[in-house]
Every structure is written in structure tokens, then in C-alpha cells.
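# Report on the structure
If you want the building blocks of each chain, they are given just below.
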Amino acid sequence: MTAPRKRHAAELWLAGIRLLVLVGVALTAVGLAGYAAGWVWLTTALGPTAYLLLARSGTESSQLRTALLGHTTAIACGLACLAAFGLWSHPSVVETGHESLRQIGAQAVAVGLTLLGQTLLRVEHPPAAATALLITSGITRPGYPLFGLLAGLALLLVLVAVLARVPGGRSGSSGYAADTQMRWRDEGGRRHRRR
């Protein structure tokens, strides 16, 4: 292995370990805060949000403003679709073991409206689509589950604002993305030399 390859491999390991620690700290803190409050604060949308904000710094989808607006749009669209489809007090998909036709419609419309809203606001935060699905599936229904999602998201955004300053990350890409880009360049160079 050449010296640049060894250096690159070491950088990948350091970037990966940094993410392991930072995401672990952030999600553990959110989970423990929810545990102390007696609510579920750690929802499925927070993992991808933490990844984007800590591993992909410098990209549009990884800005705090983008995450905040993206999730706010998703929450508004999810709640609007719950009301529009008459699902406000409908059992969640976890309770019933399947989705009703109204839930499927609400989920599809809520995600579509979330994407429309993000486009109009000129923000791009893909994990927000999961927030819209959590609400319209009834998993994060209005009341304590929704309050938990809001509290967990707020705490995560505060923690990430602090943790993102920990040195060792690559601006704009995770170690995996940088590794993939390097391989593509190498393969492209080999193909170009063959011609």
C-alpha cells in the first residue's frame, strides 16, 4: 500500500471513529433525556439527521437551518394530513399491525407536501420525510409521542451545534464518501489511460 493510500486509510478510520463517538454521544443524550422525562425522545428520524449534520458538514442538507425547516415542514404537513384524512385519533400502525387505506393516503400526501414545502423554502433535508411518515402512521401521534419527537429534535439540534465543532471531520463529506470519490477518480483514471 502506497503512503497516500495508508494516509487516506488512517483518515477514514479517524473520521469513522469521530462519527461513532459524536453520534453515540448525541443520541445517547437524547435517549437519556427522554428516559428521564418518561417519554420517547429518540425517534427514527433523528439518526439520519445526526448523520447529515455531523458527517456531511458543509452540504445544504446538513445545515441546522435546513434541518429545522425541513422537520418543521414535515410536522406541519403530517398534522394537516392527520386532520384531513380523519386520522387524529386513529390507532397507529403498530397497534393495528397494518396500515389502513386512509393512512396510506395520508402518508403519501404528507411526504409529497413535505417535499413540496422544502422545495418552496429552498431547503433539502431528506430525514424530514421520515418525520412526516412517523406522524401520519400514528407512531408519533399528537400528544406525548409528538412532544417527545419535538423535544428530541430540539435537543439533538443543540447538541449537534456543539459537537460539530469537534475537530477531525472532513468538511462536506464523510470518510465513506471521500473514499468512494477517490475510488471513482482512480477507476476513471485507469479507464482514461486505457483509451
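What counts as what
Residues numbered from 1 in each chain as written. Predicted model: local features only at pLDDT ≥ 70, side-chain atom pairs only at ≥ 80, totals over all residues. Heavy atoms only, no water. Core = buried A, V, L, I, M, F, W, Y, C linked by side-chain atoms within 4.5 Å. Buried < 20%, exposed > 50% of the residue type's maximum accessible area, 1.4 Å probe, protein only. Helix = DSSP H or I, 4+ residues; strand = E, 2+ residues; numbered from the N terminus. Contact = heavy atoms within 4.5 Å. Salt bridge = Lys/Arg side-chain N within 4 Å of Asp/Glu carboxyl O. Phe/Tyr/Trp six-rings, centres within 6.5 Å; stacked < 30°, edge-to-face > 60°.

### Section: the nonpolar core
The biggest cluster of nonpolar side chains holds 18 residues, and the ones touching the most others in it are Leu27, Leu46, Leu54 and Leu156. If you list the elements that add at least two residues to this core, you get helix 1 (3–37), helix 2 (46–55) and helix 7 (144–163). With 6 residues, helix 1 is the largest single contributor of residues to this core. Non-local contacts of Leu27, meaning those with residues more than four positions away in its chain, are made with Leu42, Leu46, Gly47, Ala50 and Leu156.

### Points about the pattern of salt bridges
The full count for this structure, using the stated rule, is 1 salt bridge. We note a salt bridge from Glu95 to Arg141, for which the minimum N-O separation is 2.9 Å. Separated by 46 residues along the polypeptide, Glu95 in helix 4 (residues 93–96) and Arg141 in the loop between helix 6 (128–136) and helix 7 bring together distant segments of the chain. On the basis of relative accessible area, Glu95 is assigned to the exposed category, the value being 56%.

### Some details on helix 6
For helix 6, the buried fraction is high: 7 of the 9 residues fall into the buried class. For helix 6, the complete set of buried residues consists of Ala128, Ala129, Thr131, Ala132, Leu134, Ile135 and Thr136. Looking one or two residues beyond helix 6, the residue adopting positive phi is Gly138, at roughly 90°.

### A look at the packing of aromatic side chains
In this structure the tally under the stated criterion is 3 aromatic pairs. Residues Trp39 and Tyr144 carry aromatic rings whose centres are separated by 5.1 Å and whose planes lie at 50° to one another, so their mutual orientation is tilted. Remark: Tyr144 occurs in helix 7 and Trp39 occurs in the loop between helix 1 and helix 2; sequence separation between them is 105 residues. Among the residues examined, Trp39 registers a relative accessible area of 30% and is labelled partly exposed. Taking relative accessible area as the criterion, Tyr144 reaches 56% and is therefore assigned exposed. Between Trp39 and Phe147, the aromatic rings sit 6.2 Å apart at their centres with planes inclined by 40°, giving tilted as the arrangement. Here Phe147 lies in helix 7 and Trp39 lies in the loop between helix 1 and helix 2, a separation of 108 residues in the sequence. One aromatic cluster is present, built from ring pairs that chain together Trp39, Tyr144 and Phe147.

### Digging into the environment of Leu116
Note on placement: Leu116 falls in helix 5 (residues 101–121). Taking the C-alpha atoms as reference points, Leu116 and Thr73, 43 residues apart in sequence, are found 9.4 Å from one another.

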